[in-house]
Every structure is written in C-alpha cells, then in structure tokens.
Amino acid sequence: MTPADTTERRTADERRDQVLDAALAEFAQTGLHGTSTERIAQRVGLSQPYLFRLFDTKKQIFVAAIDRCFRETLELFRTASEGVPREEALAAIGRAYGSTLLPDRTRLLGQMHAYAACGDDEIRTAVRRGFGDLYEFVERVSGASDEEVMRFFAHGMLLNVMTAMDVPGFDAGWARRLSVASGCDPT
C-alpha cells in the first residue's frame, strides 16, 4: 500500500474548513495582501488549482475566514451567557472572551487584519455584519445601556490590541501599568 492509499479522503466541505484554518493562520501573519494562496494550499496539502475550485478568489477565502471567526465568537458569547442572569451576562461573556479568545493570538491578529482591510467594500461589509451581530447580541442578552455596551466593546478592542502587541509579556513601565489597569496583569 502506498502513502496515497492511506490518505483519508475528505469532502469539499471538510477541505474548505481546512483551508479556512490554514488561511486564518496565514492571514494573521501577513494580512490579505501579503498572504499567498500558494502558502495556504501548501499548509493544507492541496494544489493551488484545487484551492481555487473550493474558493474562487483569495478575497473570497479571506471573507469566509472573517465570517467564520465572527460566527465562532458569537457562539462563544451565546454559550457564555446561556442560563446566566441578565445583569451578569456582560461579565460572563467577558470572562469567556478573556479565557478563550485572548490566548488565541492567531485569531486576534486575523481580526486585526480584517479591520485593517476594511478599505475594500466587500470586506468592510463582512466585518460590519459580523461585528454588528456581536454588538446586537450583547445588547440583547445583557440589557445593558448603550454606554455600558460601548465600554464593553471598547475594552475588548483594547485587550485585542494589547494581545496583538504582546503587552502583558512586555517588560516596560507603561506596559505593566496598562496590563494592571486593563485586568491583563500576567502576575
């Protein structure tokens, strides 16, 4: 039996999921324009022509990865707030975000690249839709005021930027003060 005979055959949907995992990892490092589809295909073990049978363009892969990232974040928010009293929902979602997403630097860098790529209409539409879904869910489940929800998301964005810069692991006075003030003190 040859190695090809032992390779598990996958459906197109399973391959798409693999491509999106690989794409997020690549886009997180080099963004939309700096990432090559060849690197994505290599990471999954596919040919570039097959990659383009699954997705028509690199931008389509990027948008699909963004969409999935927002859907998974929304699912995390749903799970965290399930069965939690309304007045505790923001804190529960924040804890889940901090324990699950903040340690995932790849996902956060991918999100940062998505925001940075909003100069493109199609990407901006996808980011607005995904972010809007998160925002409206948090409003609905928490019953918090507009100002409280805005502060919740502003704090989350600060944590994302801090994580992208690895501020909690950076040994400088301003970084330590910001880490303590934001609740990201690693000590």
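Note: the structure precedes this text.
Here the structure is a predicted model, which means the values were calculated and not measured. (Residues numbered from 1 in each chain as written. Predicted model: local features only at pLDDT ≥ 70, side-chain atom pairs only at ≥ 80, totals over all residues. Heavy atoms only, no water.)

### A short note on the side chain of Thr-163
Phase 1: Tracing the chain through its elements places Thr-163 in helix H9 (residues 146-165).
Phase 2: Note on Thr-163: relative accessible area 12%, which makes it buried.
Phase 3: Thr-163 has contacts with Leu-102, Arg-105 and Leu-108, leaving out every residue within four places of it along the chain. (Helix = DSSP H or I, 4+ residues; strand = E, 2+ residues; numbered from the N terminus. Buried < 20%, exposed > 50% of the residue type's maximum accessible area, 1.4 Å probe, protein only. Contact = heavy atoms within 4.5 Å.)

### Digging into the packing of helix H2 (residues 12-34) against helix H5 (residues 58-81)
Phase 1: Closest axis-to-axis distance for the H2/H5 pair is 9 Å, and the angle between their directions is 105 degrees. The angle between the axes of H2 and H5 places the two elements in the roughly perpendicular class. Where H2 approaches H5, its residues Asp-17, Val-19, Leu-20, Asp-21, Ala-23, Phe-27, Leu-32 and His-33 are matched on the opposing element by Lys-58, Lys-59, Ile-61, Phe-62, Ala-64, Ala-65 and Arg-68.
Phase 2: Per-class residue counts for the contact of H2 with H5 are nine nonpolar, one polar and five charged. (Axes fitted to C-alpha atoms, helices over the stretch in contact; angles between N-to-C directions. Parallel < 35°, antiparallel > 145°, perpendicular 65-115°, else oblique. Nonpolar A, V, L, I, M, F, W, Y, C, P; charged D, E, K, R; others polar.)

### Describing the packing of H5 against helix H8 (residues 121-142)
Phase 1: Remark: H5 packs on H8, axes separated minimally by 9 Å, with the N-to-C direction vectors making an angle of 5 degrees. Judged on the interaxial angle alone, H8 and H5 are roughly parallel. Touching Lys-59, Phe-62, Val-63, Ile-66, Asp-67, Phe-70, Thr-73, Leu-74, Phe-77, Arg-78 and Ser-81 of H5 are Glu-122, Ile-123, Ala-126, Val-127, Arg-129, Gly-130, Phe-131, Asp-133, Leu-134, Phe-137, Val-138 and Val-141, all from H8.
Phase 2: Residue classes in the contact of H5 with H8 are distributed as 14 nonpolar, three polar and six charged.

### Digging into empty space enclosed by the protein
Phase 1: If you walk through the whole model with that rule in mind, you get one cavity of 30 Å³ or more.
Phase 2: Its boundaries defined by the atoms lining it, the largest cavity holds a volume of some 70 Å³.
Phase 3: The wall of the largest cavity is formed by Leu-24, Phe-27, Phe-62, Ala-65, Ile-66, Cys-69, Phe-70, Gly-110, Gln-111 and Ala-114.
Phase 4: Mapped onto the lining of the largest cavity, the elements with two or more residues apiece are H2, H5 and helix H7 (105-116).
Phase 5: With five residues, the top contributor of residues to the lining of the largest cavity is H5.
Phase 6: For the lining of the largest cavity, the residue count by class is eight nonpolar, two polar and no charged. (1 Å grid on protein atoms, 1.4 Å probe; cavity = no way out; pocket = protein on both sides within 12 Å on 5 of 7 lines; lining within 4 Å. Points joined across faces, edges and corners; volume = space filled by probe spheres on them.)

### A look at the nonpolar core
Phase 1: Judged by nonpolar contacts, the single largest core of 49 residues is most densely connected at Val-19, Ile-61, Phe-62, Ile-123 and Val-138.
Phase 2: Listing elements by their share of this core, those giving two or more residues are H2, helix H3 (37-44), helix H4 (48-54), H5, helix H6 (89-101), H7, H8 and H9.
Phase 3: A total of 11 residues in this core trace back to one element, the largest contributor, which is H5.
Phase 4: Val-138 has contacts with Phe-77, Leu-90, Ile-93, Gly-143, Val-149, Phe-152 and Phe-153, leaving out every residue within four places of it along the chain. (Core = buried A, V, L, I, M, F, W, Y, C linked by side-chain atoms within 4.5 Å.)

### Describing the pattern of salt bridges
Phase 1: Under the defined criterion, the tally for this structure stands at 14 salt bridges.
Phase 2: For Arg-124, the salt bridge goes to Asp-121, with nearest N and O atoms at 2.1 Å. Placement of the pair is Arg-124 and Asp-121 together in helix H8, with a separation of three residues, close to one helical turn.
Phase 3: On the basis of relative accessible area, Arg-124 is assigned to the partly exposed category, the value being 24%.
Phase 4: Under the relative-accessibility criterion, Asp-121 is labelled exposed at 53%.
Phase 5: In this structure, Arg-151 engages Glu-147 in a salt bridge whose closest nitrogen and oxygen atoms are separated by 2.5 Å. Note that Arg-151 and Glu-147 are positioned in helix H9 at a spacing of four residues, about one turn of the helix.
Phase 6: Look at Glu-147 and you get partly exposed, because its relative accessible area is 48%.
Phase 7: One salt-bridge network, in which partners are shared between bridges, spans Asp-17, Asp-21, Arg-68, Glu-72, Asp-104 and Arg-107. (Salt bridge = Lys/Arg side-chain N within 4 Å of Asp/Glu carboxyl O.)

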